[in-house]
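# Observations on the model geometry
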Amino acid sequence: MSSVSTLYGNIDSRLFERCKTIRLLVCDVDGIFSDGRIYLGNAGEELKAFHTRDGYGVKALMKIGVEVAVITGRRSRIVEDRMRALGVRHIIQGEENKGHALQNLMATLALNTQQVAAMGDDMPDLGMFELSALSISVPDGHPFIQQQADYVTYCAGGFGAVREVCDLLLQAHDQLSISHGSST
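Since the structure is predicted, the reported quantities are computational estimates derived from the model, not experimental observations.

Basis of the calculations
- Residues numbered from 1 in each chain as written.
- Predicted model: local features only at pLDDT ≥ 70, side-chain atom pairs only at ≥ 80, totals over all residues.
- Heavy atoms only, no water.
- Helix = DSSP H or I, 4+ residues; strand = E, 2+ residues; numbered from the N terminus.
- Rg over C-alpha atoms; globule rule 2.2 N^0.38 Å.
- Contact = heavy atoms within 4.5 Å.
- Areas by Shrake-Rupley, 256 points an atom, 1.4 Å probe, with all protein chains shown as cover.
- Buried < 20%, exposed > 50% of the residue type's maximum accessible area, 1.4 Å probe, protein only.
- Core = buried A, V, L, I, M, F, W, Y, C linked by side-chain atoms within 4.5 Å.
- Pairing = 2+ DSSP bridges.
- Arc of directions from axis to C-beta.
- Polar contact = N/O pair within 3.5 Å; in protein donor to acceptor, adjacent residues only side chain to side chain.
- Salt bridge = Lys/Arg side-chain N within 4 Å of Asp/Glu carboxyl O.

### Remarks on the overall build of the protein chain
- Assigned secondary structure in the protein chain consists of seven helices and ten strands.
- For the protein chain, whose C-alpha radius of gyration is 15 Å, the value lies close to the compact-globule estimate of 16 Å for 184 residues.
- Overall, the protein chain is about 55 × 35 × 30 Å in size when its C-alpha atoms are taken along their principal axes.
- Here the analysis covers contacts within the protein chain between residues at least 6 apart in sequence; of these, 57% occur between residues at least 24 apart.
- Counting only carbon and sulfur atoms, one obtains 49% of the accessible surface of the protein chain, whose full area is about 8,600 Å².

### A few points about unusual backbone geometry
- Of note in the backbone geometry, A110 takes a positive phi value of approximately 55° without being a glycine.
- Relative to the assigned elements, A110 resides in the loop between α4 (98-109) and β8 (116-119).
- The exposure class of A110 is exposed, given its relative accessible area of 65%.
- In this structure, D174 is a non-glycine residue whose phi angle is positive, near 60°.
- Position of D174 among the secondary structure elements: in the segment after α7 (161-172).

### Overview of the nonpolar core
- Counting 38 residues, the largest nonpolar core has L25, F33, M83 and M119 as its most contacted members.
- Ranked by residue count, the leading element in this core is α7, at eight residues.
- With 17 residues, the next largest nonpolar core counts L24, A69, M128 and I145 among its residues.

### Thoughts on the pairing of strand β2 (residues 9-12)
- Relative to β2, strand β1 (residues 3-6) is paired through four bridges, and the arrangement is antiparallel. What sits directly across from S3, in β2, is D12.
- Taken together, β1 and the strand that follows it, β2, pair antiparallel across an intervening segment of two residues.

### Observations concerning helix α3 (residues 77-86)
- Among the residues of α3, those classed as buried are V79, R82, M83 and L86. The buried residues of α3 occupy an angular sector of 95° when projected down its axis, which confines them to one face. For α3, exposure combined with an orientation more than 90 degrees from the buried face picks out R77 and A85.
- Turning to α3, the residues buried within the fold contact α2 (52-63), β6 (67-71) and β7 (90-92).
- Measuring from the side-chain oxygen of the N-cap residue of α3 to the backbone nitrogen of I78 gives 3.2 Å; that N-cap residue is S76.

### Observations concerning the sheet that holds strand β3 (residues 24-27)
- Read across the open sheet, the six strands follow the order β7-β6-β3-β8-β9-β10; overall the sheet is parallel. If you trace the sheet from one side to the other, it starts and ends with β7 and β10 (151-152), each paired once.

### Here we look at the side chain of H90
- Looking at the secondary structure, you find H90 in strand β7.
- Looking at H90, the relative accessible area reads 13%, which means it is buried.
- There is a polar contact of 3.1 Å between the side chain of H90 and the side chain of E67.
- Apart from the residues within four sequence positions on either side, H90 is in contact with E67, V68, A69, V70, L105 and L109.

### Some points on the side chain of S76
- Its location among the elements puts S76 in the loop between β6 and α3.
- By relative accessible area, which is 9% here, S76 ends up buried.

### What to know about the pattern of salt bridges
- If you walk through the whole model with that rule in mind, you get 14 salt bridges.
- The salt bridge involving R84 is made with E80; its shortest N-O contact spans 2.9 Å. Taken as a pair, R84 and E80 lie in helix α3 at a separation of four residues, close to a single helical turn.
- Judged by its relative accessible area of 48%, R84 falls in the partly exposed class.
- The structure contains a network of salt bridges with shared partners spanning D30, E46, K48 and R74.

Structure representation (structure tokens):
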């Protein structure tokens, strides 16, 4: 089996070839963009932490024409604000059937399964995995989801996992070394 060297280690060359066809990266939020914990304040406010490196990777990926979307079962103003700040146009919240939501998004964007990568960390994300050419989980994801994933990131959810995938896709599209600028 041949492999390709990436910033995060070697991956199977067949997996790297699949990365070249990706035109949409769809992600869960809790456990992927965040560490999965939800902080609640005394006044009922909800807090989440997002990693700036993930934001930079999302912007770089969109700059080369790869769409980024989030599909999450929860609703949160914080998620809306963060994704809008990054320029993410496809923000689907409060969706329990993530496979159905992804199917609708794929139809809207005129994409097929071979053009989709999905990142998730728990059982509700399986529907997205089933519609994706590349399914990705994180090392702190549920063990069953990790077993279903084509790739498990080295970085944990909320600690650069999204950036790792963005870098992998940028490398596959031969765009990793370009300067992207802009703040995250």
